[in-house]
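In case you want the letters, here they are:
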Amino acid sequence: MKLLDVKAVLDRETGMQENDPEREILKELDDGGTHYAILSHRWGAEVSYKEMTGLMKLEEQKRVEVRQRAGYRKIIESCKQAMKDEYKWLWIDTCCIDKRSSAELSEAINSMYRWYQNAQVCYVYLNDVDQSTFPTQQDKSKFDKSNGWPEWFVRGWTLQELIAPKRVEFFNKEWVHIGNKQRFAPTLERTTGIPSKVLTSGLAGKRLSVAQIMSWAAERKTTRVEDRAYSLMGLFGVNMPMLYGEGKRAFQRLQLEIIRGFTDQSIFAWNPQMPRTGSVLAEEPSDFRGCGGIEKVEPDKFVHRLREEYTKYGYSSKSSRRDIDSLAALRDEVEFQQFTVSNAGIQVLLLVVPSRDSPSYFRAILACTQGEGLVAIDLVSFGRSFARTSIDSLLPETYPNIKTLHLIHHQDTNETRRELVLDDKYASYHGFTRRGTYPRQFTRNNVTLSSLAEDLIVIVYANNDARSCFAVGLGYYFGHGWVHVENDRYSPTQEENWMDFGSRAYHRMWEARAKHAQNMPKRQALYSGGYGNCFLRHAHLPRSIWAARVVWGRWEEEDLKVMVDVVECPGCCDGPYKTTITSTGMALPCRGL
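Residues numbered from 1 in each chain as written. Predicted model: local features only at pLDDT ≥ 70, side-chain atom pairs only at ≥ 80, totals over all residues. Heavy atoms only, no water.

Engineer: Can you walk me through the packing of helix α1 (residues 6-14) against helix α4 (residues 70-84) in this structure?
Structural biologist: Angle between the axes and distance between the axes: these two values describe a pair of packed helices. Taken N-terminus to C-terminus, the directions of α1 and α4 make an angle of 125 degrees; their axes are 9 Å apart at the nearest point. With respect to α4, the element α1 is oriented oblique. For the pair α1 and α4, the sense of crossing is left-handed. Every residue of α4 that contacts α1 at V6, K7, V9, L10 and E13 is listed here: Y72, R73, I75, I76, C79, K80, A82 and M83. (Axes fitted to C-alpha atoms, helices over the stretch in contact; angles between N-to-C directions. Helix = DSSP H or I, 4+ residues; strand = E, 2+ residues; numbered from the N terminus. Parallel < 35°, antiparallel > 145°, perpendicular 65-115°, else oblique. Left-handed = near helix turned anticlockwise from the far one by under 90°. Contact = heavy atoms within 4.5 Å.)

Engineer: Please clarify how the sheet that holds strand β5 (residues 121-125) should be interpreted in this entry.
Structural biologist: Across a sheet, strands are paired by hydrogen bonds formed along the backbone, either parallel or antiparallel in direction. The strand order β2-β1-β4-β3-β5-β6-β7 describes an open sheet built from 7 strands, whose pairing is mixed. The open sheet is flanked by β2 (26-28) and β7 (177-180), the only strands paired with a single partner. Strand-to-strand twist in this sheet, taken as the mean axis angle between neighbours without regard to direction, amounts to 35 degrees. Summarising the sheet, strand β3 (residues 36-40) and strand β4 (residues 89-91) pair through 3 bridges and their orientation is parallel. Paired with Y36 across the strands is W89, a residue of β4. Helix-sheet contacts for α1 involve β1 (2-5) and β4, and the interaxial angle to β1 is about 45 degrees. Against the sheet, helix α5 (residues 102-118) contacts β1, β3, β4 and β5, and its axis sits at roughly 110 degrees relative to β3. (Pairing = 2+ DSSP bridges.)

Engineer: Honestly, the sheet that holds strand β18 (residues 455-463) in this entry has me stumped. Any pointers?
Structural biologist: Read from one edge of the open sheet, 4 strands run β16-β18-β19-β20, paired in antiparallel fashion. Looking at strand neighbours, the two that pair on one side only are β16 (433-438) and β20 (480-487), the edges of this open sheet. Sheet twist, expressed as the mean angle between neighbouring strand axes with direction ignored, is 20 degrees. By the bridge criterion, 8 bridges tie strand β19 (residues 468-477) to β20 in an arrangement that is antiparallel. From the neighbouring strand, F470 faces β20, where its bridge partner is N487.

Engineer: Could you clarify how one ought to interpret the packing of aromatic side chains in this entry?
Structural biologist: To describe a pair of aromatic rings, you give the distance between the ring centres and the angle between the ring planes. Tallied over the full model, the rule gives 21 aromatic pairs. Ring plane angle 85 degrees and centroid distance 6.2 Å describe the contact between F236 and F262, whose orientation is recorded as edge-to-face. Of this pair, F236 sits in helix α11 (residues 233-236) while F262 sits in the loop between α12 (249-261) and β8 (294-296), placing them 26 residues apart in sequence. Here F236 falls in the buried class, since its relative accessible area comes to 5%. Using a relative accessible area of 31% as the deciding quantity, one classes F262 as partly exposed. Considering the side-chain rings of Y426 and Y429, the 5.6 Å spacing of their centres and the 90 degrees angle between planes classify their relative orientation as edge-to-face. According to the relative accessible area criterion, Y426 is partly exposed, its value standing at 30%. (Phe/Tyr/Trp six-rings, centres within 6.5 Å; stacked < 30°, edge-to-face > 60°. Buried < 20%, exposed > 50% of the residue type's maximum accessible area, 1.4 Å probe, protein only.)

Engineer: Please explain the side chain of S215 as it appears in this structure.
Structural biologist: As for its position among the elements, S215 is in helix α9 (residues 210-215). For S215, a relative accessible area of 15% corresponds to the buried category. Side-chain polar atoms of S215 contact the backbone oxygen of Q212, separated by 2.5 Å. With sequence-adjacent residues up to four places away left out, S215 is seen in contact with F288, C291 and G292. (Polar contact = N/O pair within 3.5 Å; in protein donor to acceptor, adjacent residues only side chain to side chain.)

Engineer: Explain the environment of S355 to me, please; I cannot follow it from the model alone.
Structural biologist: Structurally, the position occupied by S355 is in the loop between β10 (345-354) and β11 (361-370). Exposure remark for S355: the relative accessible area of 8% places this residue in the buried category. Along the sequence, S355 and V380 sit 25 residues apart, while their C-alpha atoms lie 10.0 Å from each other.

Engineer: Is there a simple way to think about the pairing of β10 in this case?
Structural biologist: On a regular strand, each side chain points to the face opposite its neighbour's, so the side chains alternate between the two faces of the sheet. Within β10, 9 of the 10 residues are buried, which leaves the element mostly enclosed by the surrounding structure. Judged from the 3 bridges that link them, strand β9 (residues 340-342) and β10 form a sheet pairing that is antiparallel. Among the inter-strand pairings, T340 is bridged to a residue of β10, identified as Q347. Between β9 and β10, which pair antiparallel and follow one another directly, the connecting turn spans 2 residues. Bridge count for β10 against strand β14 (residues 401-407) is 7 bridges, and the pairing is antiparallel.

As structure tokens, then:
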């Protein structure tokens, strides 16, 4: 690693005019045999490797500009503190890595946890703390962008920079010392979710699950999406090449590297905010929110816990004791403690409970606990592979079976995607515009749904002048497509109400998705002339003369178009209306008898 020569940097600063421009301020040294200090901070206006090493060769105007940056002052103050603490060497990520070299950058990122771990002291600079004491209480008025704590505590890279060093000293914006990690471990545990024992003595020797470590990063942010994965490599002791531009795929690669080195099923125990079907790997660390209490269970204890939860997982009371005792074979199953990753999926031995309602659905019991019970996830078969899904309720048919499964570890394949074309230009005739989609965005008018099992996307339309809005839901349930439209029963008063309504509509539709799929119009052939049937859903918009109307063709059509329109209400407020198919194939509402 390249380390700053503390004395050389300070000498250059104090004797700027007389200094030798060729004097080296960085030296390549071994982190294992060198005593050095290290800085952890939030990036701002920083000084690069090129600027720091070539400062004396810059034109005077440029040199003055560099020295006036906040990042340069951090370097100088860090060197002063290191000199005070009698350290000759200092490492700072902004100026000790030549980021023009991709090889050097990759080496630094893969080595960074070790560099922080081997440092004798880590100086944490809290640039947004102006008080002379360590903040021990959440203050959302002062730190409104970082959940009431200094911003350093919600950044991705600073997670390992807090855990890895044995000694961490905190400084406020004026470089006044305000505390250390050992003293404020209880406060830091409350702030970060990291147990005090980890903060005070590191990760070594701790029986921590993958899910628990991931949970510490759930609320943290990085400037580059890939860094949410790269910043966690050191915590798990894995290495992988940097591929900036790969987006969320970086986190998928990280999980696969962890799986190759760990035998911990808690990596599958993530819990997304919005239900989805697809890869058994989480999309991002946020999916592990709330997993801080998950603990890994060893095979022998796993069998014991299974027996304790005999009733919970629905074993038939008529099942023989021999069937239950046969699960004890898991203790000796080497395969139970191994994962194999291939293009076919992640091969793993799991205990699964089949669904009584569908032979394609299973509940897998994982070798980890949360609270008093074992953790379980829902799976759906897709050919010879299994994908993660979400089932509201599953009635067990038998006791768990031991199965070797291939779990899908890539995102939805082409075979699982359903493309729809949304045509909503006519809605604007009455002042209604598309305001948002939940839980994800889509490009232009092309809506993509996963047809593997269950999926839902909700589109919100609103008219500000009329203070009226409605939501259209397009979804899949057990392989069946469905459409639903509903209005807002309340009169919104602020722009953010459209977002609230979209979220409420999404959750209502998701809870009723089985009913919506069941109530879809049945396919009919009115005549053999070839003009396909059209179907319709509509909902009256309160406080208006309008109705929201959604029209679509056969769901199995290759190029399915869904049309959203706003029309004058045909009288649905006077009585119940049903869907009818016209002789031309168009569906219109008619009064029910």
